[in-house]
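The primary structure of each chain is shown beneath.
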Amino acid sequence: MCSRDFQMGRPAWFAVCATLLVWGWSGGVGAQEAGEPQQESQGAIQEVVVTAERRESNLQDTPIALSVMDANVLANRGITDLEGVVKATPSMSFTPYNPSSNTLALFMRGSGVQDPGQITIDTAVGLYQDGFYISRAQLVTFDLADIERVEVLRGPQGTLYGRNTTGGAVNLISKKPTGEFGFKQELGFGSSGRIRSLSVLDLPKWGGLSAKFSFIRRKQDGYVENLGPSHDFGEDDQTAGRVALRWDTGGPFTADYFYERGDLNSTPAYYTNDTLVGLIPGYSDRGRPEDRSYRAIDLPESKGRFEGHGLTLSWNVNDALTLKSLTGYRDINTIYFQDYAEAFFVGFRSQDNIHSHQFSQELQAVGSMLDDRVKYVAGLYYFEEAGWHFQNTVITNALPGSSPLLLNKDRFVSMESKSRAFYTQLTWTPPILDDQLELTFGGRYTKDERAATRTLLTTFFGFPIAQEPAPGLINSNNVESSRFNPSFTANYHWTDDVNTYLRVATGYKAGGSSESVDVGMFGLTFKPEDVKVYELGLKSYLFDRRVRLNAALFNSEYEDMQLFFPTNPGDLSVLLAVNAGKASIRGLELEALWQPMQDLSFTVNYTYLDPKYDEVLAPAGTIFDPAVNPASPYQVGQNVKNLFSFGYAPENSVDAGAKWTFLKFGNGDLTASLDYRWQDRTFHTGGAGPAVPNYLLASRPAFGLLDGRLSWQMDFANDHQLRVDFWGKNLADKAWPLYVVASGSPVPVQDPLSGAVTPPGFSFQPIAWAERRSYGVNFVYQF
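Please read all numbers here as calculations on a predicted model, not as lab measurements. (Residues numbered from 1 in each chain as written. Predicted model: local features only at pLDDT ≥ 70, side-chain atom pairs only at ≥ 80, totals over all residues. Heavy atoms only, no water.)

Asker: Describe the sheet that holds strand 9 (residues 147–154), with residues and values.
Answerer: Taken in spatial order, the five strands make up an open sheet running 3-9-10-7-8, and their pairing is mixed. Strand pairing shows two members of the sheet lacking a second neighbour, strand 3 (66–70) and strand 8 (132–134), which therefore form its edges. On average, each strand axis in the sheet is inclined to that of its neighbour by 20°, with strand direction left out of account. Examined bridge by bridge, strand 7 (residues 125–129) and strand 8 share three bridges and lie antiparallel to one another. Its bridge partner lying in strand 8, Y128 is registered against Y133. (Pairing = 2+ DSSP bridges. Helix = DSSP H or I, 4+ residues; strand = E, 2+ residues; numbered from the N terminus. Axes fitted to C-alpha atoms, helices over the stretch in contact; angles between N-to-C directions.)

Asker: Pulling in residues and values, what's your account of the nonpolar core?
Answerer: One finds F565, Y613, F624 and F644 to be the most contacted residues of the largest nonpolar core, which totals 37 residues. Elements with a minimum of two residues in this core: strand 26 (529–542), strand 27 (547–568), strand 28 (571–597) and strand 29 (600–616). In this view, F644 contacts F565, Y613, V616, F624, G686, G687, A688, G689 and P690; residues no more than four positions away in its chain are not counted. By size, the runner-up hydrophobic cluster in this structure holds 32 residues, among which are M69, I79, V140 and L264. (Core = buried A, V, L, I, M, F, W, Y, C linked by side-chain atoms within 4.5 Å. Buried < 20%, exposed > 50% of the residue type's maximum accessible area, 1.4 Å probe, protein only. Contact = heavy atoms within 4.5 Å.)

Asker: So what's going on with the sheet that holds strand 5 (residues 100–108)? Which residues, and what values?
Answerer: Ordered in space as 4-5-6, the three strands form an open sheet in which the pairing is antiparallel. Here the strands that pair on one side only, and so sit at the sheet edges, are strand 4 (92–97) and strand 6 (111–112).

Asker: Any details on the environment of A44? Residues and values, ideally.
Answerer: As for its placement among the helices and strands, A44 is situated in the loop between helix 1 (11–26) and strand 1 (49–50). Judged by its relative accessible area of 3%, A44 is buried. For the pair formed by A44 and L502, sequence separation is 458 residues and the distance between their alpha carbons is 28 Å. Every residue in contact with A44, bar those within four places of it in the chain, is listed here: D544, R545 and Q595.

Asker: Pulling in residues and values, what's your account of the environment of G110?
Answerer: Here G110 lies in the loop between strand 5 and strand 6. G110 sits 623 residues away from D733 along the chain, and the two C-alpha atoms are 28 Å apart. In this structure, G110 is in contact with I585, L609, F646, G647, Y648 and A649, ignoring residues within four places of it in sequence.

Asker: Describe in detail a nonpolar patch on the surface, supporting the description with residues and values.
Answerer: A contiguous nonpolar surface patch, about 700 Å² in accessible area, is contributed by W206, L209, W247, F253, W315, V317 and L323. Positionally, F253 belongs in strand 15 (residues 253–266). Residue class for F253 comes out partly exposed when judged on its relative accessible area of 35%. (Patch = residues over 30% accessible without salt bridge, like charges linked within 9 Å, V, L, I, M, F, W, Y side chains within 5 Å. Areas by Shrake-Rupley, 256 points an atom, 1.4 Å probe, with all protein chains shown as cover. Salt bridge = Lys/Arg side-chain N within 4 Å of Asp/Glu carboxyl O.)

Asker: Which residues make up the pairing of strand 15, and what values go with them?
Answerer: One ladder, built from 13 bridges, connects strand 14 (residues 236–248) with strand 15; its direction is antiparallel. In the strand pairing of strand 15, D248 is matched with T254. Hairpin connection, strand 14 to strand 15: the antiparallel pair is bridged by four residues, and G250 has positive phi, about 90°.

Asker: Give a detailed account of the packing of aromatic side chains, specifying residues and quantitative values.
Answerer: Taken as a whole, this structure holds 31 aromatic pairs when the rule is applied. On the numbers, 4.8 Å between centres and 55° between planes, the contact of Y283 with Y294 is tilted. Of the two residues, Y283 is situated in the loop between strand 16 (271–272) and strand 17 (303–318) and Y294 in the loop between strand 16 and strand 17; the sequence distance between them amounts to 11 residues. We classify Y294 as buried; its relative accessible area is 17%. Through successive ring pairs, a cluster of aromatic residues spans F565, Y613, F624, Y634, F644 and F646. Sitting over the ring of Y161, R54 keeps its end group 4.3 Å from the ring centre. Above the ring of W736, the side-chain terminus of R677 is found at 5.8 Å from the ring centroid. (Phe/Tyr/Trp six-rings, centres within 6.5 Å; stacked < 30°, edge-to-face > 60°. Lys NZ or Arg CZ within 6 Å of the ring centre and 35° of its normal.)

Asker: Describe in detail the side chain of N98, supporting the description with residues and values.
Answerer: Looking at the element boundaries, N98 is found in the loop between strand 4 and strand 5. Excluding residues within four positions of it along the chain, N98 makes contact with P268, Y271, Q338, Y340, Y739 and V741.

Asker: Explain the pairing of strand 42 (residues 774–782) to me, using residue names and the numbers behind them.
Answerer: In this structure, strand 11 (residues 182–190) lies alongside strand 42, joined through seven bridges in antiparallel fashion. Each bridged residue has a counterpart across the sheet, and for K184 the counterpart in strand 42 is Q782. Summarising the sheet, strand 35 (residues 721–729) and strand 42 pair through nine bridges and their orientation is antiparallel. Considered in strand 42, the bridge of D725 is made with N778.

Written out as structure tokens, the structure is:
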């Protein structure tokens, strides 16, 4: 039956066939009954320990769609930041925020937020560092200087991780102090002036105190030259340090504390528009082959600083109960600049300044009872954040012969939010079926509060045309909501090496408001976006643990989706966020590792996504409303789902790799590795459905990139090690768009001043091109 040809459009058929084959293998080659001692052959794939469920467990025994990259995997792939993690995870998509390379718009399983620059809006992919939530997308490109592993939890994690994890969660887990003297030095050089230096010092334990210090310095020149004396586009400059302390006297009490501080300076990507070729003298649409801007641009360096504290106290009350306290604080302050170099047919410059500080306190109880038949996690959680965002944009005329234009917009938004939650999850192994069945029940209750205030001034040639506050206009808002998020998982161990699970989970993205709404509309808010997922998963070892095959088949159902709609026919950048959508995202995820021998391995990770809007209701007060836009052919409340497409949800994504240690000599070896990443066409604009003319202009075409690495590693006496890596990224030197901005509207728009009607559709496509081929060498010495 399974000999039938597999087609990309039939992922469910493939999943059924794969599952049947696994069941066949589990009953044959290398199979063991559940409970039998595991005999690992030489070169077998090793177990991976994770803490995704707030307690230590093996990756294969954890009934969650979960990807793990430990320190060796990160080093072998040259991954040094969150962007590298996302690129290696097919279920995730990203793009740097238009005006800031240090701000990432993250998506997982098609769920995310397209405008992470607004502090009144939360993300849908939770980012955690050592158990502490990072609320803002700004400055998340920090170097992963001393990471033990990265865990990527796919799908809603509303029970254990709480709000803003409708897409999933990413855990960054740092290495703890060892209590023994040790030192590590990395030094790397590469194209575009790349320099990266990492120093890590572990000190011997003194009494019960262990300490570790790390310092990172990295720098990269821009890859698009600015013809003026200012900064180039695409620069990166980071300096950061971290202190980690651990108190452990061998008793039941331990304490872990870290303090970190970093400066992340950068410049944004360079935007071009091929429509302008010939309209502006000397205009180049891609900066190639010269790799330079078409004119001199005043581009200041964007600067950012973060500071964080984390204190984790743990008390092992007895063998069956551990109590924990996690106290965290994080502060960010960043200012970033962008000049779009006429890519939008006008001179368009922006400046943003964002400041945010957050505090969290979590109490956990992790334990077991009834002879380990019941394992549980329970906790109390408190979170608060306060911050502000100032934005200035200046728009001028750009095209020869165009009318004079000087528009200045100043906007200041302040925000405060609080969240309180109680959660519990327990796993029960009933005394039936030879203890091969596990049932997990969980639930979390959360109450959120958020308040925001805005001041705004827009001038035209210096004359005010819009202002807040003003008599009769609302310039503040408040959102309160509560949610209960249950979950259920049934996990069955067919053998020690094969288990399947059925998971039903829920989550939500918090409510808020849009910073960019028109004058007098800031009082409008949106409520939380909810999701429920049904997931069938497989985790398996095959052929004496030389193959690891994991799969997840899922269907995510969204309610009250938070969608953005233009409200001003004369300025389509003025957007209102509304709960106006229902949707479903079906998908398949496969992760395969084949290790035929100890020195050779192959990996294939694949994700298929089939997103579909079930309903998008045209909201009042937007360009879909004939009262606002007389040219609109639609009525308020009408289903306009065909005018929308899912952003950042490519149909097929693949990450494949091979690693071969092909030469061993004395105390050293040589290893070669190749990694290939493919991603289908991806839409970067939501209001670009198949019914909109030229809707493909709102998408990034499919692309594939090949990376390679050659590593020479030597072991010396007393555990001293030396490693040298020669690496290259985008070896084929392909030009590919990093981000695409489509200009246009899904409906006809009538200008409120002239009465002229612009037909629907997209007319041009500003593009930020990614860096081409890069290469370098990296040295690591440690003991």
